[in-house]
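Examination of the molecular architecture
The primary structure of each chain is shown beneath.
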Amino acid sequence: MPYNPLLATSAIAVGAAVMYRKNTIDSSGVSLLHAPQTARIEGKKTLLDIITAECPSLADPEKARFVPTPMLPTADFQTCYNAIRERFGKLKIVKYERELITTEDGGTIGLDWSPPFTQMPEDDRPIVVLSHGLSGGSQETYVQTAIKALTSAPYNFRTVVVNFRGCAGVKLTTHVLYNGGFTSDYGIAVEYIKGRFPQSKLVAIGYSLGANLITKYVGEQGEVCPLKAAISVGNPYDLAASSDAIEEPTFRNKYVYSPAMLEGLMRLYRRHSKMMATGPVKLDAKAIAKIKSIREFDELITSRVFGYKNSTDYYQQNSSAQFMPNISIPFLAITALDDPVCPDSYIPRETFRSNPHLVLALTQYGGHLGYHESLSQSWLPRPIAEFCSAIFNHTTV
């Protein structure tokens, strides 16, 4: 039976009364974690000074807070509401113009530009580059709401979503799909965007698995990173820990998170299985048909297609926390302590305290990419847009 987010969400309502905790103003504030002295941006103001002065949603005592709507009082409801809106609401609040780019091995990456070039002709305005989560794409609620804020007044930025191979309707043209650490494709996309708009400043945003990927990328790039800054939202940091958290034998994992995420991955595989079968590695179709967890998917498909020894090897090589000490651009991470997918115990707090380029914004609530203040309003776009604007204001091309 296909995964149904509405039924799954109804199921967890049984435990909502027990799990519910009254969200008061006192416990809804944003906490910032960073080095004692943050880096100076292009030799001038420090990163913390800029955030304090220009990002009220992160630093103003009166405005830096997230209070969940009473309609979605728990982390589970906050998390699942995105899936419900996407599945049943078909949110369409932004317009895209798609451009396809080809990698050296014949792979295809889909760039969804917003606004379309007919509405915003090519110029040198700043560009925000967004990357989606597991089996997602530019249609995701959290992507669209961010783009709506970033492309509207007073910001009026240009945005582009990097849809990875096989995602969001992008045709798979090689046997290789994508994974949480496949930064070579991401680098190709950034290089292309920068080449097309050489006078535009770029800031990247990544969500969930996309957050892990862009964090790994900026760490790999170090001081030569072409981005002016990066924002990581709902980053798992440790892929093995995140996989283990999702597979813990709890009611919500068994009936909500694990089947939902696995179903997204299996849809991708089924859609592209014929093309994937053209590669040098022969996948075990019978074993794949019996997959019951994300780790099994990564064991039987991801690790084999990409040449890792096994899922453990894939997780170890691609978890983003190990790359963070080398990040040399302004980097903001937004993480909810009640995120059911990314355990807060694996947040690399010591790295945030030691690397002056990093700032961690911790919220008590929000779930995984939730942050719903009401059924129609998300808190996330505000700190994201404020941070992007602040970085653009204090950097040069």
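Given the structure is predicted, the values throughout are model-derived calculations rather than measurements. (Residues numbered from 1 in each chain as written. Predicted model: local features only at pLDDT ≥ 70, side-chain atom pairs only at ≥ 80, totals over all residues. Heavy atoms only, no water.)

Section: the packing of helix H3 (residues 47-54) against helix H15 (residues 381-393)
Where H3 contacts H15, the axes come no closer than 10 Å and their chain directions differ by 125°. Put simply, H3 runs oblique to H15. Between H3 and H15 lies a crossing of right-handed hand. Between H3 and H15, the contacting residues are Leu47, Ile50, Ile51 and Glu54 on the first element and Glu386, Phe387, Ala390, Ile391 and Asn393 on the second. Here the residues of the contact of H3 with H15 sort into six nonpolar, one polar and two charged. (Axes fitted to C-alpha atoms, helices over the stretch in contact; angles between N-to-C directions. Helix = DSSP H or I, 4+ residues; strand = E, 2+ residues; numbered from the N terminus. Parallel < 35°, antiparallel > 145°, perpendicular 65-115°, else oblique. Left-handed = near helix turned anticlockwise from the far one by under 90°. Contact = heavy atoms within 4.5 Å. Nonpolar A, V, L, I, M, F, W, Y, C, P; charged D, E, K, R; others polar.)

Focus: the sheet that holds strand E8 (residues 331-336)
The mixed open sheet is built from nine strands, whose spatial order is E1-E9-E8-E7-E6-E4-E5-E3-E2. Where the open sheet ends on each side, the last strands, each with one partner, are strand E1 (31-34) and strand E2 (97-102). When strand polarity is set aside, the average angle formed by the axes of neighbouring strands in this sheet is 20°. Sheet analysis places E1 next to strand E9 (residues 358-363), joined by four bridges and oriented antiparallel. Bridge assignment links leucine 32 to a residue of E9, and that residue is alanine 361. Contacting E1, E8 and E9, H3 runs over the sheet at an angle of about 165° to E1. (Pairing = 2+ DSSP bridges.)

Examining the side chain of asparagine 253
Relative to the elements of secondary structure, asparagine 253 occurs in helix H10 (residues 251-276). Asparagine 253 sits in the buried class, given a relative accessible area of 4%. Of note is the side chain of asparagine 253, whose polar atom sits 2.8 Å from the backbone oxygen of alanine 245. Here the side chain of asparagine 253 touches isoleucine 246 through a polar contact of 3.4 Å, landing on its backbone oxygen. The residues touching asparagine 253, leaving out its near neighbours within four places in the chain, are Ala245, Ile246, Glu247, Glu248, Ser258 and Pro259. (Buried < 20%, exposed > 50% of the residue type's maximum accessible area, 1.4 Å probe, protein only. Polar contact = N/O pair within 3.5 Å; in protein donor to acceptor, adjacent residues only side chain to side chain.)

A word on empty space enclosed by the protein
Taken as a whole, this structure holds one cavity of 30 Å³ or more when the rule is applied. The space that makes up the largest cavity amounts to roughly 50 Å³. Lining the largest cavity are 13 residues, and of these Tyr142, Thr145, Ser378, Leu380 and Pro381 sit closest to its centre. When contributions to the lining of the largest cavity are tallied by element, the ones reaching two or more residues are helix H6 (141-150) and H15. In terms of residue count, H6 provides more of the lining of the largest cavity than any other element does, four residues in total. (1 Å grid on protein atoms, 1.4 Å probe; cavity = no way out; pocket = protein on both sides within 12 Å on 5 of 7 lines; lining within 4 Å. Points joined across faces, edges and corners; volume = space filled by probe spheres on them.)

Section: unusual backbone geometry
Omega for the peptide link from serine 114 to proline 115 comes to -5°, which places this bond in the cis form. Assignment of secondary structure puts proline 115 in the loop between strand E3 (108-114) and strand E4 (127-131). For the bond running from alanine 153 to proline 154, omega is 5°, close enough to zero to count as cis. With respect to the element layout, proline 154 can be found in the loop between H6 and strand E5 (158-163). Although it is not a glycine, glutamate 42 sits at a positive phi angle of roughly 50°. Mapped onto the fold, glutamate 42 is located in the loop between E1 and H3. The phi torsion at alanine 168 lies on the positive side, around 55°, for a residue other than glycine. Of note, alanine 168 is situated in the loop between E5 and helix H7 (183-196).

Details of the packing of aromatic side chains
Per the stated rule, a full pass over the model turns up 16 aromatic pairs. Centre to centre, the rings of tyrosine 142 and tyrosine 207 are 4.7 Å apart; their planes meet at 45°, and the pair counts as tilted. Residue tyrosine 142 is found in helix H6, and its partner tyrosine 207 is found in strand E6 (residues 202-207); the two are separated by 65 residues along the sequence. Exposure class is identical for tyrosine 142 and tyrosine 207. Each is buried. For arginine 196, the ring lying beneath its charged end belongs to tryptophan 113, and the centroid distance is 5.5 Å. (Phe/Tyr/Trp six-rings, centres within 6.5 Å; stacked < 30°, edge-to-face > 60°. Lys NZ or Arg CZ within 6 Å of the ring centre and 35° of its normal.)

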